[in-house]
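Spelled out from the first residue to the last, the chains are:
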Amino acid sequence: MAKRVVIANQKGGVGKTTTAVNLAASLTQAGKRVLLCDFDPQANATSGLGVDKNSVSPNIYDVLIDGADPEKAVVSTDWGDVLPSNKALSGAGVEMVGMEGREFLLRGVLDRLEERYDYILIDCPPSLELLTLNGLCAADTVLVPVQCEYYALEGLSDLLTTIRIVKRRLNRKIALEGVLLTMFDGRTNLSLQVAEEVKRHFPGQVYATVIPRNVRLSEAPSHGRPVAAYDRYSTGAAAYQRLAEEFLQHNA
């Protein structure tokens, strides 16, 4: 049975999708069976693994709203399988409101796929709305990327409150997988100060691995590849490999 990890932070630009794509790729490299569920209408995780988000069909919208077979929607790549998304998903939140068990629609989809995988990673949109709520209700744990910038902790209290409500009312097993520091620049006092502040707020829950600011990490998505395929010797690729190793140690 697969462990399901939702990668969530309602603040945009924190490296959420970059983490979803590259952690999935690194876990696949480590020999694990991985499914990346792209649950963001921007569909950047889909294109980040080299799948054309504009033409792929069926996709997660078709599965959720039209009842398409999720097994037929899964696309296999060299860097893990992906349950793709596209911009049609942006309207799904409204369509799902009137559906029975609307908070658990994604859970039902993943229930049909999980026997095939060791890990399912869920990439959510940068907001706290019905799509993200579905991700939280479908997951075992939450991985929270936090950028090493001035407003790093802004909005995190809202996310943690949402997680507590979900745990109390909808998904009792959900827990914090960990907090991941991203966009770290060890040359600046700001990055070092933010890292210390995050560790103070989340004692024992911050990954030792930090993800640096790295040009190759920024360039890789435009080539439809994870950074390990784009430049395996980059500092970004090395960081995500270390993250995968640390993640597997935590889940041994």
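Residues numbered from 1 in each chain as written. Predicted model: local features only at pLDDT ≥ 70, side-chain atom pairs only at ≥ 80, totals over all residues. Heavy atoms only, no water.

Visitor: Residues and numbers for the state of the cysteines, please.
Guide: As enumerated under the stated definition, the model contains zero disulfides in all. Of all cysteine sulfurs in the structure, the one in Cys37 sits closest to Cys124, which takes part in no disulfide; the separation is 8.0 Å. We note that Cys137 lacks a disulfide partner, and the nearest cysteine sulfur, in Cys124, lies 10 Å from it. Cys137 gets classed as buried once you look at its relative accessible area, which sits at 1%. (Disulfide = S-S within 2.5 Å. Buried < 20%, exposed > 50% of the residue type's maximum accessible area, 1.4 Å probe, protein only.)

Visitor: Which residues make up the side chain of Thr46, and what are the values?
Guide: Position of Thr46 relative to the elements: it lies in helix H2 (residues 44–48). Every residue in contact with Thr46, bar those within four places of it in the chain, is listed here: Asp38, Val51, Lys53, Val82, Pro84 and Ser85. (Helix = DSSP H or I, 4+ residues; strand = E, 2+ residues; numbered from the N terminus. Contact = heavy atoms within 4.5 Å.)

Visitor: With reference to specific residues and values, describe the pattern of salt bridges.
Guide: Evaluated as defined, the whole model comprises 12 salt bridges. The salt bridge involving Arg112 is made with Asp69; its shortest N-O contact spans 3.8 Å. Here the residue Arg112 occupies a position in the loop between helix H6 (105–111) and strand E5 (119–123), and Asp69 occupies one in the loop between helix H3 (60–66) and helix H4 (70–73), the gap between them amounting to 43 residues. We classify Asp69 as partly exposed; its relative accessible area is 29%. Residues joined in a network through salt bridges with shared partners are Arg4, Asp111 and Glu114. (Salt bridge = Lys/Arg side-chain N within 4 Å of Asp/Glu carboxyl O.)

Visitor: Now, about the layout of surface pockets: what can you tell me, with residues and values included?
Guide: The probe, sized like a water molecule, is rolled over the atoms to show the empty space still left. Reported here for the largest pocket is a volume of approximately 580 Å³. In terms of lining residues, the largest pocket is bounded by 30 residues, among which Gly15, Lys16, Thr17, Thr18 and Met183 are the most central. Elements that contribute at least two residues to the lining of the largest pocket include exactly helix H1 (16–29), H2, strand E7 (175–184), strand E8 (206–212) and helix H10 (215–219). In terms of residue count, H1 provides more of the lining of the largest pocket than any other element does, five residues in total. Residues of the lining of the largest pocket, tallied by class, amount to 13 nonpolar, 12 polar and five charged. (1 Å grid on protein atoms, 1.4 Å probe; cavity = no way out; pocket = protein on both sides within 12 Å on 5 of 7 lines; lining within 4 Å. Points joined across faces, edges and corners; volume = space filled by probe spheres on them. Nonpolar A, V, L, I, M, F, W, Y, C, P; charged D, E, K, R; others polar.)

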